[in-house]
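Per-entry structural report
Each chain is listed here by its residues.
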Amino acid sequence: MRPASSSASRPDENPIDRRAARLAAEAEASAPALVPTPSSEAGSAPVIELHDLTVRFGRLEALRGVGGAFDGRAIGLLGPNGAGKTTLIHTLLGFHRPSAGSARLFGHDLGAEGSAARALVGYMPERDAFVAGMSAVRFIRMMAELSGVPAAQALERAHEALFFVGLGEARYRPLETYSLGMKQRAKLAQALVHGPRLLLLDEPTNGLDPPARERMLRLIRDIRDTGDVHVVVSSHLLRDVEECCEQVLILKDGQIAHYCDLAAERRADRKFLELELFGPSERFIDAARRLGSDCEPHGRRRLKMVLGPEQSVRDLYHLAAEVGVQIRHIDYKRDSLQDIFDKAMRGDAEGAS
Amino acid sequence: MAVFERTYRRWQGQPTARAGRFLVLFRYSIGEVFRSKWLTAYFALCFVYPLGSLLLIYLRRNAPFLTVFPGFEQAIAVDPGFFGVFVTVQQVFGFLLAVTVGPGLISRDLVNNGLPLYLSRPFTRGEYLLGKFSVLALLLSAVTWVPGLLLMLVHSSLVGWSWLGENASLVAGLFVGSWFWIVGISLMAMAVSAWVRWRFLAGFGMIFFALAGGLFHAMVSGITQSTWGYVFDLPGLLHVVWLRLLGDTVATGLPTVAALIALAGFFAFFFGLLHLKLRAYEVIR
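Residues numbered from 1 in each chain as written. Chains lettered and ligands numbered in written order. Predicted model: local features only at pLDDT ≥ 70, side-chain atom pairs only at ≥ 80, totals over all residues.

1. With respect to the overall build of chain A
Put simply, the test is: We count a stretch as a helix when DSSP gives it H or I for four or more residues in a row; a strand needs E for two or more, and each element gets its number in order from the N terminus. Buried residues are those with 20 or more other C-beta atoms within 10 Å of their own C-beta, exposed residues have 12 or fewer, and partly exposed residues lie in between; C-beta atoms are placed from the backbone. Whether two residues are in contact depends on their C-beta atoms, placed from the backbone: they are in contact if these lie within 7 Å.
Per the secondary structure count, chain A includes 12 helices and 15 strands. Every one of the 353 residues in chain A was classed for burial, and the buried ones make up 48%. Sequence-distant contacts in chain A: of pairs separated by 6 or more residues, those separated by 24 or more amount to 70%.

Laid out in structure tokens, this is it:
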């Protein structure tokens, strides 16, 4: 992904972060997920391409000059309320006309070739959305036919989609008799039935109980893992995004606040440790640095550390014994999505001030 | 793929032609309409008057019947007045049909937030409206110009095919007038159901709109001692235009051009309402 919008993330002066950033860059270079995934159909066009996209509602600017090309297989769209997540999705679906700039899906300009672009998209809205009085299979079949699937194949696809989302046994029941979790899955089925290449999921776990939520996330992961379809998941729930997305796009105030590859972040932070020491910590730090670790004191007794490539945690205990320091606490740490999100929000605030 | 495999796979077939995509919505909507036995029974009832008219047309040329009732042929004249009564009766049946069917077509989608599902596909608002309009157009055609033209054809086959040529303006009037009426009533049904959303309330809304228009018409006409009150009364206007097209020049004193302009105003108003209300997202102000 190559975001072109003003980003809030800035290189940090902290050596730990520098090291982490270097490792992240190395991981990014080797990560296939970030590389555009041209298929025979897609050519070389990015999945989503935004050029200075601005959407205004009266005086309110919901999106402000958002730009970038996004090729990720599973992108999580995060941001606080009013950040512009749903507006971005709606704009990609052609519900909102951009006030300035443009957007493309698989190379199709949304202004000039909106229908062609929408033919490649499946959309699962945030709110309850169905047509009352219809059985699920009839509803899904109709949606498939409206997307251009011939009637006979649409029926077959409707059955398949409902079985896939786990509604096979309930497929002849009227939609209005479904529970919330079943309605969510029916929405997912209608989004999938015509075989889209991009799936836009707006709060897919909204209102679901834990088992239903886990089931929904598993479905999203299954879809992602087929490799046939790109998934964009908009959610308030960081854990949901963390569980099923490979990249994260964080929006704030209608702008891109941060974009990162979660897999690369995880790889980069694998040996990031937090230690609590008792004793002459300076000697321990000097010794650790000599062995190739990056250390950064964090408070009076705490220490953040990235181990050298040949080092293990056991070596730290040997080192501590040699220099007469007690390791009272040691913990593997990595930047969780919550940290990344907080950093993006904070970074933007700092940048603005 | 067998359903038991339950794995996701993309569909990569050849999509259907875009031009006829609205017919998918039409097909499903009409199927939903006729799931109601009551509505099916009422739809059948709408053909009682045309069948009665057909019987009259047949009997006035039936020799054995005329020997028993010799004055019958003179008593029943098949002329513009005959078809004027026909369209008046069928308008009432048709309007009630539109009141029953129309509100459910759009409000059911709106109340359950179904529009984003339609409009996130290669399917536009225009196609959505066309698909829903087609349902009403088919049903209302079936009770207006289709039986009307059939009556004319039967009458012509009995009295001689030259009757059709001699009464071409009557034939054209029935057809064109029917379409004015169908478009007007359908737009009203769709606009009211898009505005009100709740199906039963939308049905009452249609009746209210028609009655209020008639009441306003009577008030304005009474105060101004003219027929200009018609410009506020959509069903009245449609009726006047239809009768004019059937050759009835004394229906009202309202100029035809004024009636057509007023109709255009109503149509624009309904399109405006539909444009405002048929959106894939909720506008929160």
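After that view of the structure, there is still more to cover.
2. Things to note about the interface of chain B and chain A
When the parts come together, some accessible area is lost, and that loss is often what is quoted as the size of the interface. Selection rule: Amino acid classes used here: Ala, Val, Leu, Ile, Met, Phe, Trp, Tyr, Cys and Pro are nonpolar; Asp, Glu, Lys and Arg are charged; the rest, including Gly, are polar.
Taken together, the 30 residues of chain B in the interface contact 40 residues of chain A. Counting residues per element, the ones that place at least two in the side of chain B that touches chain A are helix H1 (22–33), helix H6 (80–111) and helix H7 (115–119) of chain B. Its residues placed into classes, the side of chain B that touches chain A shows 16 nonpolar, seven polar and seven charged.

3. Things to note about the environment of Gly107 of chain A
All names here are of chain A. With respect to the helices and strands, Gly107 occurs in the loop between strand E5 (100–105) and strand E6 (108–109). For Gly107, a count of 15 C-beta atoms within 10 Å puts it in the partly exposed group. Taking the C-alpha atoms as reference points, Gly107 and Leu201, 94 residues apart in sequence, are found 21 Å from one another.

4. Quick notes on the nonpolar core
Nonpolar side chains in soluble globular proteins tend to be buried together. Residues and elements named next belong to chain A. Formally: By convention in this section, buried Ala, Val, Leu, Ile, Met, Phe, Trp, Tyr and Cys residues joined through C-beta atoms within 7 Å make up a nonpolar core.
If you look at the biggest cluster of nonpolar residues, it comprises 160 residues, and the most contacted ones within it are Ile140 and Val248. The contacts of Ile140, once residues within four sequence positions are left out, are Ala158, Ala161, Leu162, Ala189, Gln190 and Val193. Within the second largest apolar cluster, 13 residues are counted, among which are Phe272, Leu275, Leu277 and Leu316.

5. Overview of the pairing of strand E3 (residues 60–70) of chain A
Residue and element names in this part refer to chain A. Worth spelling out the cut-off: Paired strands, as defined in this entry, are two strands with at least two bridges between them according to DSSP.
As paired strands, strand E2 (residues 48–57) and E3 are joined by seven bridges and run antiparallel to one another. Opposite Val55, over in E3, you have Leu63 as the bridge partner. Linkage of E2 to E3, two consecutive antiparallel strands, is achieved through a turn of two residues, within which Gly58 is found at a positive phi near 65°.

6. Details of the environment of Gly148 of chain B
All names here are of chain B. With respect to the helices and strands, Gly148 occurs in helix H9 (residues 145–159). Looking at Gly148, the number of C-beta atoms within 10 Å reads 25, which means it is buried. Taking the C-alpha atoms as reference, Gly148 lies 8.6 Å from Val171; in sequence the two are 23 residues apart. Ignoring anything within four residues of it in the chain, the contact list for Gly148 reads Phe83, Phe86, Val87, Leu174 and Ser178.

7. Some words on helix H10 (residues 281–290) of chain A
Residues and elements named next belong to chain A. For clarity, the threshold we go by: Read the arc as the range of directions from the helix axis to the C-beta atoms.
Among the residues of H10, those classed as buried are Ser281, Phe284 and Ala288. Taken down its axis, H10 places every buried residue within 55° of arc, on the same side. Along H10, the residues that are exposed and aim more than 90 degrees away from the buried face are Glu282 and Arg290. Here the buried face of H10 lies against strand E12 (272–278), strand E13 (294–297), strand E14 (302–306) and helix H11 (313–323). Immediately beyond the C-terminal end of H10, within one or two residues, lies Gly292, with a positive phi of roughly 105°.

8. Describing the sheet that holds E12 of chain A
Strand pairing in a sheet is mediated by backbone hydrogen bonds. Such pairs are either parallel or antiparallel. Residue and element names in this part refer to chain A. Note the threshold: A fitted line through C-alpha atoms serves as each axis, taken over the contacting stretch for helices, and the angle formed by two N-to-C directions is quoted from 0 to 180°.
The four strands lie next to each other as E13-E14-E12-E15, forming an open sheet whose pairing is antiparallel. Looking at the sheet topology across the chains shown, the edges are occupied by E13 and strand E15 (326–332). Strand-to-strand twist of the sheet, defined as the mean angle between neighbouring strand axes without regard to direction, takes the value 25°. Direction of pairing for E13 relative to E14: antiparallel, over a ladder of four bridges. Across the sheet, the residue bridging to Cys295 is Met305, located in E14. Sitting on the sheet, H10 is in contact with E12, E13 and E14, with an inclination near 160° to E13.

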